[in-house]
Amino acid sequence: MKLLLINPNSTASMTEKAAVAARKVARPDTEIVATNPAQGPYSIEGFYDVALCLPGLLEEAARHDDVDAVIIACFDDTGLDAMRCLVDVPVIGIGEAGYHAAAMLAHRFSVVTTLSRSVAGITDNLARYGLAAKCASVRATDIPVLKLEEGDPACLDLIRAEIAAAIREDKAEAIVLGCAGMADLMQQLSAEFGFPVIDGISCAVGMAEALVAAGLSTSKAGAYAPAVDKRPVIAAAL
């Protein structure tokens, strides 16, 4: 089985961190192909960055037509619907995977993410997935995405503080880590807090493997009907 793990931003170190998390939980016979667009925003922090990265994301995915499933390694589930139009294989966003896992493990969960501007997109996705009622809160640490790549202990302290506040004030029974850059913290924070602290990459890998093993694919009956390229054809100059 071959899974394409695609980071919609152009920062290779984040792609590698996501790949390490994915390979840690993947089945022995699962190959993880990790990639990112060469061009585009170096981090995704809000609606504008999401829009900027979409062409590069879709073009990069189109280069890999021999995979069994696609995982979008951005917590905003960037380009998820468009990707499902582009390919026939299952496509899973790590935000979507994390939310569904949390909903199955706890009665109420909270999300701990990076910047405050990201909260609106996360809240919109929770409503779209029908999981808003299961989410006790979405909390921002105001850590820039690329700051997570530095391994600064102060960042971990800020994440811990928001998890503790979600437990104390919002009665959260599980936490979803709201950024692919937090993927390496799942086991440590789960052990520290004694309850599920969920990384969407790890969940997405297992879900993708299960869908492929079951022989399922993306429905093309309606909304995810095959994409049609409507860009104008420009004749080459003679």
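A short tour of the structure in this document, coming up.

Basis of the calculations
- Residues numbered from 1 in each chain as written.
- Predicted model: local features only at pLDDT ≥ 70, side-chain atom pairs only at ≥ 80, totals over all residues.
- Heavy atoms only, no water.
- Disulfide = S-S within 2.5 Å.
- 1 Å grid on protein atoms, 1.4 Å probe; cavity = no way out; pocket = protein on both sides within 12 Å on 5 of 7 lines; lining within 4 Å.
- Points joined across faces, edges and corners; volume = space filled by probe spheres on them.
- Nonpolar A, V, L, I, M, F, W, Y, C, P; charged D, E, K, R; others polar.
- Axes fitted to C-alpha atoms, helices over the stretch in contact; angles between N-to-C directions.
- Helix = DSSP H or I, 4+ residues; strand = E, 2+ residues; numbered from the N terminus.
- Parallel < 35°, antiparallel > 145°, perpendicular 65-115°, else oblique.
- Left-handed = near helix turned anticlockwise from the far one by under 90°.
- Contact = heavy atoms within 4.5 Å.
- Salt bridge = Lys/Arg side-chain N within 4 Å of Asp/Glu carboxyl O.
- Buried < 20%, exposed > 50% of the residue type's maximum accessible area, 1.4 Å probe, protein only.
- Arc of directions from axis to C-beta.
- Pairing = 2+ DSSP bridges.

1. Considering the state of the cysteines
And step 1. Tallied over the entire structure, the rule returns zero disulfides.
And step 2. Here C135 stays free of any disulfide, with the sulfur of C203 as its closest cysteine sulfur at 15 Å.
And step 3. Note on C155: no disulfide assigned, nearest cysteine sulfur contributed by C179 at a separation of 11 Å.

2. Brief notes about empty space enclosed by the protein
And step 1. Under the criterion given, the structure shown has one cavity of 30 Å³ or more.
And step 2. Empty space within the largest cavity amounts to approximately 140 Å³.
And step 3. What lines the largest cavity is a set of 16 residues, among which I44, C74, F75, V145 and C179 lie closest to the centre.
And step 4. Here the lining of the largest cavity is composed, by residue class, of nine nonpolar, six polar and one charged.

3. Regarding the packing of helix 6 (residues 153-170) against helix 7 (residues 186-193)
And step 1. At a closest axis distance of 12 Å, the pairing of helix 6 and helix 7 adopts a crossing angle of 45°. Classified by the angle their axes make, helix 6 and helix 7 are oblique. For the element pair helix 6 and helix 7, the recorded crossing hand is right-handed. Seen from helix 6, the contacting residues are L156, I159, R160, I163, A164 and I167; seen from helix 7, they are Q188, L189, E192 and F193.
And step 2. Its residues assigned to classes, the contact of helix 6 with helix 7 comprises seven nonpolar, one polar and two charged.

4. A few points about the pattern of salt bridges
And step 1. Considering all chains together, one arrives at 16 salt bridges under this definition.
And step 2. One salt bridge in this structure joins K147 and D152, with 3.6 Å as the shortest N-O distance.
And step 3. Given the relative accessible area of 27%, D152 is considered partly exposed.
And step 4. E169 serves as the salt-bridge partner of R168, at 3.2 Å between the closest nitrogen and oxygen.
And step 5. On the basis of relative accessibility, which here comes to 51%, the residue R168 falls in the exposed class.
And step 6. Judged by its relative accessible area of 48%, E169 is partly exposed.

5. Side note on the layout of surface pockets
The gaps left among the atoms become clear once a water-sized probe is rolled over them.
And step 1. Of the pockets and cavities examined, the largest pocket occupies roughly 270 Å³.
And step 2. Counting only elements with at least two residues in the lining of the largest pocket, the list comes to helix 2 (47-62) and helix 3 (80-86).
And step 3. The computed volume of the second largest pocket comes to approximately 210 Å³.
And step 4. Taken together, 16 residues make up the lining of the second largest pocket; nearest its centre are V50, D76, D77, T78 and N125.
And step 5. Elements represented by at least two residues in the lining of the second largest pocket include exactly helix 2, helix 3 and helix 5 (119-128).
And step 6. Looking at the lining of the second largest pocket, the element that brings in the most residues is helix 5, giving four residues.

6. A short note on the side chain of T141
And step 1. Note that T141 resides in the loop between strand 6 (135-140) and helix 6.
And step 2. Accessibility expressed as a relative area gives 8% for T141, which makes it buried.
And step 3. Leaving out residues up to four positions away in the same chain, T141 has contacts with V112, T113, T114, L158, I159 and E162.

7. Structural notes on helix 5
And step 1. Where helix 5 is concerned, the buried positions are G121, I122, N125 and L126. Relative to the axis of helix 5, the buried residues are bounded by an arc of 135° and lie together on one face.
And step 2. Where helix 5 ends, the next residue or the one after it, G130, has phi of about 75°, a positive value.

8. Quick notes on the sheet that holds strand 7 (residues 175-178)
And step 1. With parallel pairing, four strands are arranged side by side in an open sheet as 6-5-7-8. Single-partner strands in this sheet number two, and they are strand 6 and strand 8 (197-199). When strand polarity is set aside, the average angle formed by the axes of neighbouring strands in this sheet is 25°.
And step 2. Sheet analysis places strand 7 next to strand 8, joined by three bridges and oriented parallel. Following the sheet pairing, V176 is matched in strand 8 by I198.

9. Observations concerning the environment of V138
And step 1. Within the element layout of this structure, V138 appears in strand 6.
And step 2. On a C-alpha basis, the gap between V138 and V119 in space is 6.5 Å, while along the polypeptide they are 19 residues apart.
And step 3. When residues no more than four places from it in sequence are discounted, the contact partners of V138 are V111, T113, V119, I122, T123 and L126.

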